[in-house]
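# What the coordinates show
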Amino acid sequence: VGHLRLLKELFTEVFCTPRGHPKSKPFIDRIMSFHYVDGRIWLRNYQIMDQAESVRVERQAARRGEDLTQLAEIGPRMVLNVIRVFGGSFGGQTLYQNPNFVSPNAVRRERGQQFNYKYAARKAAEEQREARRA
């Protein structure tokens with residue numbers, strides 16, 4: 001759980017605009033969503049869309065109890081799998097290591113070994129057929 005607090009602070013520092021920054025805008029028209037599900041961080045980017053064409057339409061909708069504001073996903077979308085969290089920028093003490101992570105190289109090696117077993121079984125079957133024929 002400690003590594004999630006650290007990641008939250010990291011994302012806050014990376015994606016937030018500093019207060020009073022000259023390029024900041026006085027309104028909010030986009031939302032970034034971060035969810036932690038299945039041991040991964042799911043990131044989505046949404047735009048706030050206002051369906052009201054005028055103030056009058058907005059007031060009428062408010063009287064009816066309708067909300068004319070909608071979210072539209074505009075991308076990019078990402079899924080981040082945390083492998084390790086280091087104490088420094090690109091090294092240092094390991095603060096967190098994902099115990100469930102399997103590297104793509106290990107997956108590829110396992111798949112290749114399965115093909116090797118098939119090949120070895122096929123060659124052994126050939127040798128048995130040859131031995132029966134002889």
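Shown above is the structure to which this text applies.
For the structure given in this document, a descriptive report is provided here. (Residues numbered from 1 in each chain as written. Predicted model: local features only at pLDDT ≥ 70, side-chain atom pairs only at ≥ 80, totals over all residues. Heavy atoms only, no water.)

## Digging into the overall build of the protein
In terms of helices and strands, the protein carries three helices and six strands. What you see in the protein, going N to C, is helices and strands ordered as α-β-β-α-β-β-β-β-α. At 27 Å, the protein has a C-alpha radius of gyration far larger than the 14 Å of a compact globule built from 134 residues. The principal-axis extents of the C-alpha atoms in the protein amount to approximately 95 × 45 × 25 Å. Per-residue burial over the protein gives 12% buried out of 134 residues. For the protein, long-range pairs separated by at least 24 residues make up 39% of all intrachain contacts whose partners lie at least 6 apart in sequence. Element-wise, carbon and sulfur atoms account for 52% of the exposed surface of the protein, whose accessible area totals about 11600 Å². A distance of 5 Å separates the average location of the 23 positive side-chain charges in the protein from that of its 14 negative side-chain charges. (Helix = DSSP H or I, 4+ residues; strand = E, 2+ residues; numbered from the N terminus. Rg over C-alpha atoms; globule rule 2.2 N^0.38 Å. Buried < 20%, exposed > 50% of the residue type's maximum accessible area, 1.4 Å probe, protein only. Contact = heavy atoms within 4.5 Å. Areas by Shrake-Rupley, 256 points an atom, 1.4 Å probe, with all protein chains shown as cover. Lys, Arg positive; Asp, Glu negative; His and termini not counted. Charge placed at Lys NZ, Arg CZ, Asp CG, Glu CD.)

## Here's the deal with the layout of surface pockets
Roughly 550 Å³ of internal volume is contained in the largest pocket. Forming the boundary of the largest pocket are 17 residues, of which Phe15, Thr17, Phe27, Ile28 and Arg30 lie nearest the centre. Only helix 1 (2–15) and strand 1 (30–37) provide two or more residues apiece to the lining of the largest pocket. Looking at the lining of the largest pocket element by element, the count peaks at four residues for strand 1. The computed volume of the second largest pocket comes to approximately 250 Å³. As for the second largest pocket, its lining consists of 14 residues, and the residues nearest its centre are Leu7, Leu10, Arg84, Val85 and Phe86. Sorting the residues of the lining of the second largest pocket by element identifies helix 1, strand 4 (78–81) and strand 5 (84–86) as the ones contributing at least two each. With four residues, the single largest contributor to the lining of the second largest pocket is helix 1. Class assignment for the residues of the lining of the second largest pocket results in 10 nonpolar, three polar and one charged. (1 Å grid on protein atoms, 1.4 Å probe; cavity = no way out; pocket = protein on both sides within 12 Å on 5 of 7 lines; lining within 4 Å. Points joined across faces, edges and corners; volume = space filled by probe spheres on them. Nonpolar A, V, L, I, M, F, W, Y, C, P; charged D, E, K, R; others polar.)

## Regarding the packing of aromatic side chains
The relation between two aromatic rings is expressed through the spacing of the ring centres and the mutual angle of the planes. Under the definition given, this model contains three aromatic pairs. Their ring planes at 20° and their centres at 5.0 Å tell us that Phe11 and Phe34 sit as a pair that is stacked. One end of the pair, Phe11, is in helix 1; the other, Phe34, is in strand 1, and 23 residues separate them in sequence. Taking relative accessible area as the criterion, Phe11 reaches 17% and is therefore assigned buried. A residue is classified by how much of its surface remains accessible, and Phe34, at 32% relative accessible area, is partly exposed. Three or more aromatic residues link up through ring pairs in this structure, and these residues are Phe11, Phe15 and Phe34. (Phe/Tyr/Trp six-rings, centres within 6.5 Å; stacked < 30°, edge-to-face > 60°.)

None of the figures reported here should be taken as evidence of function without further support.
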